[in-house]
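Remarks on the overall topology
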Amino acid sequence: MRDVNLEPNVTFIYSAGISACGNGEQWQRALSLLSTLREAAAVPDLVSINAAISACEKGRQWQKSLSLLRDALESMLEPNVVSYSAGISACRHGDQWQRALTLVRGMRMARLEPSVITITLGSARARQVGNGSKFCCFMTRCWLGP
């Protein structure tokens, strides 16, 4: 019988834990797991970062969500649509629609196409604060040009 390497993927295991904490609205524990992952000399991947961004979003911690997104950008992880959508949703919860628009602009610069969810999150919040038409104009300029 062949020897099979059953070494656990530490980052994968931590990512699952971070995601579970987010689903349980335990954003503090999610961040603690992310910190522990870093201390274990393992490099968090985009899945673990996205799980932490989402956990903070669910916990209405927009500042922490944006901080994690910024950390991902600085560490060259190349955030994806999931990363930006969670950040936009966090901004929506924190009444930070202008920051949400900045994230949409960042998606455009990264050549990422927004999902229907991304657009819905941004436009719903902009409408709530009376800036629905401004958001729609911004989205049009971002994706169709001036």
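Residues numbered from 1 in each chain as written. Predicted model: local features only at pLDDT ≥ 70, side-chain atom pairs only at ≥ 80, totals over all residues. Heavy atoms only, no water.

Turning to its location among the elements, Glu78 is positioned in the loop between helix H4 (62–74) and helix H5 (81–93). Exposure remark for Glu78: the relative accessible area of 65% places this residue in the exposed category. Separated by 32 residues in sequence, Glu78 and Leu46 place their C-alpha atoms 7.9 Å apart. The residues contacting Glu78, other than those within four sequence positions of it, are Leu46 and Ala72. (Helix = DSSP H or I, 4+ residues; strand = E, 2+ residues; numbered from the N terminus. Buried < 20%, exposed > 50% of the residue type's maximum accessible area, 1.4 Å probe, protein only. Contact = heavy atoms within 4.5 Å.)

Its 14 residues place the ends of helix H1 (residues 10–23) 20 Å apart at the C-alpha level, agreeing with the 20 Å of an ideal helix rising 1.5 Å per residue. Among the residues making up H1, those that are buried are Thr11, Ser15, Ile18, Cys21 and Gly22. With its buried residues spanning 125° around the axis, H1 presents them on a single face. The outward face of H1, more than 90 degrees from its buried face, is lined by the exposed residues Phe12 and Asn23. (Expected span 1.5 Å × (residues − 1). Arc of directions from axis to C-beta.)

The subject of this paragraph is the nonpolar core. If you look at the biggest cluster of nonpolar residues, it comprises 28 residues, and the most contacted ones within it are Ile18, Leu34, Ile53, Leu68, Tyr84, Ile88 and Leu103. Top contributing element to this core by residue count: helix H3 (residues 46–58), with six residues. (Core = buried A, V, L, I, M, F, W, Y, C linked by side-chain atoms within 4.5 Å.)

The next subject is helix H6 (residues 97–109). Given 3.6 residues per helical turn, the α-helix brings residues three or four places apart onto the same face. In this model H6 runs 18 Å from its N-terminal to its C-terminal C-alpha over 13 residues, within 8% of the 18 Å that 1.5 Å per residue would give. When we look at burial in H6, the residues that qualify are Trp97, Ala100, Leu101, Leu103, Val104, Gly106 and Met107.

Note that Met76 resides in the loop between H4 and H5. As for Met76 and Leu46, which are separated by 30 residues in sequence, their C-alpha atoms are 10.0 Å apart.

Let's shift gears to the confidence of the model for the protein chain. One rule of thumb: low pLDDT means the predicted coordinates there are not for detailed reading. Overall, the prediction assigns the protein chain a mean pLDDT of 80, with 72% of residues at 70 or greater. Within the protein chain, the element-level pLDDT minimum falls on helix H8 (residues 132–144), averaging 55, and the maximum on H3, averaging 94. (pLDDT = per-residue confidence, 0-100.)

Moving on, we come to the side chain of Ser83. Note on placement: Ser83 falls in helix H5. Judged by relative accessible area, which is 1%, Ser83 ranks as buried. For Ser83, the residues in contact, after removing those within four places along its chain, are Leu46, Asn50, Ile53 and Leu69.

A few words now on the layout of surface pockets. In this structure, the largest pocket encloses a volume near 200 Å³. Surrounding the largest pocket, Leu66, Leu69, Arg70, Leu73, Tyr84, Arg99, Thr102, Leu103 and Gly106 form its lining. Elements that contribute at least two residues to the lining of the largest pocket include exactly H4 and H6. For the lining of the largest pocket, the residue count by class is five nonpolar, two polar and two charged. (1 Å grid on protein atoms, 1.4 Å probe; cavity = no way out; pocket = protein on both sides within 12 Å on 5 of 7 lines; lining within 4 Å. Points joined across faces, edges and corners; volume = space filled by probe spheres on them. Nonpolar A, V, L, I, M, F, W, Y, C, P; charged D, E, K, R; others polar.)

It is worth spelling out unusual backbone geometry at this point. In the Ramachandran plot, Glu25 falls in the positive-phi region, its phi being about 55° despite a non-glycine side chain. Mapped onto the fold, Glu25 is located in the loop between H1 and helix H2 (27–39). A relative accessible area of 56% means that Glu25 is categorised as exposed. At Asp95, a residue that is not glycine, the phi angle is positive and equals roughly 55°. With respect to the secondary-structure elements, Asp95 resides in the loop between H5 and H6. Here Asp95 falls in the partly exposed class, since its relative accessible area comes to 48%.

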